[in-house]
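Breakdown of the fold
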Amino acid sequence: MCGILGIISKKDIITPMIEGLKKLAYRGYDSSGIATINNNQINCVKSQGNLDQLQKKLINEELIGNVGIGHTRWATHGVPNESNAHPHFTDEVAVVHNGIIENYALLKNQIVETGITFKSETDTEAIAHLITLYLKSGMSSYEAIRATTEDIKGSYALAIIMRSEPNKLFAVRKGSPLAVGSSENENYIGSDG
Ligand code: GLU
């Protein structure tokens with residue numbers, strides 16, 4: 001029942017992101033969040049509850065950027081709280097997800113064995129760590145996403161941003177819908193379900 005949105009634009013994306021997430025709210029949701037890349041860094045603001053609460057946090061925690069991803073969550077793995085809200089991120093990537101990763105427990109065990117600590121109880125966080133591990137092994141952005149999609153089983157529409165590729169917005173789907181909109185100054189991806 002969640003909604004995901006990705007925007008890459010010549011202008012700051014926060015206002016259209018909030019407007020877009022409000023349009024996805026009709027699906028029902030328990031938490032929300034937005035991540036952007038700015039100054040070579042991934043920044044993320046999330047909140048339990050409705051989008052008004054996210055907007056209140058955005059007054060104090062400035063978030064800017066020309067590329068960003070946002071999410072309205074309907075929890076399937078992990079209680080509805082702030083740490084389980086999307087985006088899920090590492091220093092290198094941030095991910096929002098519509099769907100369910102069926103083999104996440106196995107993947108999580110393998111990731112934890114590498115010394116990584118999970119910050120949430122979600123299935124989605126495994127995706128952020130897998131992409132990061134593949135990037136750190138020397139793969140390109142596309143190779144890292146492709147390798148991750150070969151590891152995960154289940155349904156997903158993913159919007160992904162990467163610190164090393166601040167002018168790109170990545171999206172991939174299987175099972176969950178994904179719409180792409182493009183114009184001269186802005187490109188969008190979205191999914192709900
Ligand atoms: N399975 C993910 C979670 O529980 C995504 C849920 C959703 O589609 O909102 O966080």
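Preceding this section is the structure that the text describes.
As the structure is a computational prediction, the values presented were derived from the model and not from experiment.

Definitions and cut-offs
Residues numbered from 1 in each chain as written. Predicted model: local features only at pLDDT ≥ 70, side-chain atom pairs only at ≥ 80, totals over all residues. Heavy atoms only, no water. Near = heavy atom within 4 Å. Polar contact = N/O pair within 3.5 Å; in protein donor to acceptor, adjacent residues only side chain to side chain. Areas by Shrake-Rupley, 256 points an atom, 1.4 Å probe, with all protein chains shown as cover. Helix = DSSP H or I, 4+ residues; strand = E, 2+ residues; numbered from the N terminus. Pairing = 2+ DSSP bridges. Core = buried A, V, L, I, M, F, W, Y, C linked by side-chain atoms within 4.5 Å. Buried < 20%, exposed > 50% of the residue type's maximum accessible area, 1.4 Å probe, protein only. Contact = heavy atoms within 4.5 Å. Expected span 1.5 Å × (residues − 1).

1. Focus on the site of the ligand
The local shell around the ligand holds 14 residues, among which Cys2, Arg73, Thr76, His86 and Asp123 are the closest. A distance of 2.6 Å separates a nitrogen atom of the ligand from a polar atom in the side chain of threonine 76. Between the ligand and histidine 86, the relevant distance is 2.7 Å, taken from an oxygen atom to a side-chain nitrogen or oxygen of the residue. Protein contacts shield 98% of the accessible area of the ligand, which totals 300 Å² for the unbound molecule. When contributions to the shell around the ligand are tallied by element, the ones reaching two or more residues are β4 (67–73) and β6 (93–101). Here the element with the most residues in the shell around the ligand is β6; it accounts for three residues.

2. Some details on the sheet that holds strand β5 (residues 88–89)
If you trace the four strands from one edge of the open sheet to the other, you get β5-β6-β7-β8, paired in antiparallel fashion. The two strands at the open ends of the sheet, each matched to only one other strand, are β5 and β8 (165–174). Across nine bridges, β6 lies against strand β7 (residues 154–162) in antiparallel orientation. Residue pairing for β7: glycine 99 is matched across the bridge by tyrosine 156.

3. A short note on the nonpolar core
One finds Val95, Ile131, Ile160 and Met162 to be the most contacted residues of the largest nonpolar core, which totals 21 residues. Elements with a contribution of two residues or more to this core: β6, α3 (104–112), α4 (125–136), α5 (141–151), β7 and β8. Of the residues forming this core, the biggest block, six residues, is contributed by α4. The residues contacting valine 95, other than those within four sequence positions of it, are Ile69, His86, Pro87, His88, Thr124, Ile127, Ala128, Ile131, Leu158, Ala159 and Ile160. Judged by nonpolar contacts, the second largest core, of 16 residues, contains Ile8, Cys44, Val67 and Ala157.

4. Considering α4
Its 12 residues give α4 an end-to-end C-alpha distance of 17 Å, which sits within 8% of 16 Å, the value for a rise of 1.5 Å per residue. Of all 12 residues in α4, nine are buried, a share of seventy percent or more. For α4, the full list of buried residues reads Glu125, Ala126, Ile127, Ala128, His129, Leu130, Ile131, Thr132 and Leu135. In the core, the buried residues of α4 are packed alongside β5, β6, α3, α5 and β7. Downstream of α4 by a residue or two, glycine 138 has a phi angle that is positive, lying close to 110 degrees.

5. Some words on unusual backbone geometry
A cis amide bond, omega 0 degrees, links histidine 86 with the succeeding residue proline 87. For proline 87, the location among the structural elements is in the loop between β4 and β5. Its identity is not glycine, yet asparagine 39 carries a phi of approximately 50 degrees, on the positive side. Residue placement: asparagine 39 occurs in the loop between β2 (31–38) and β3 (41–48). Relative accessible area serves as the criterion here: at 69%, asparagine 39 is assigned to the exposed category. One non-glycine residue, asparagine 40, lies in the positive phi region at around 65 degrees. Here asparagine 40 is to be found in the loop between β2 and β3.

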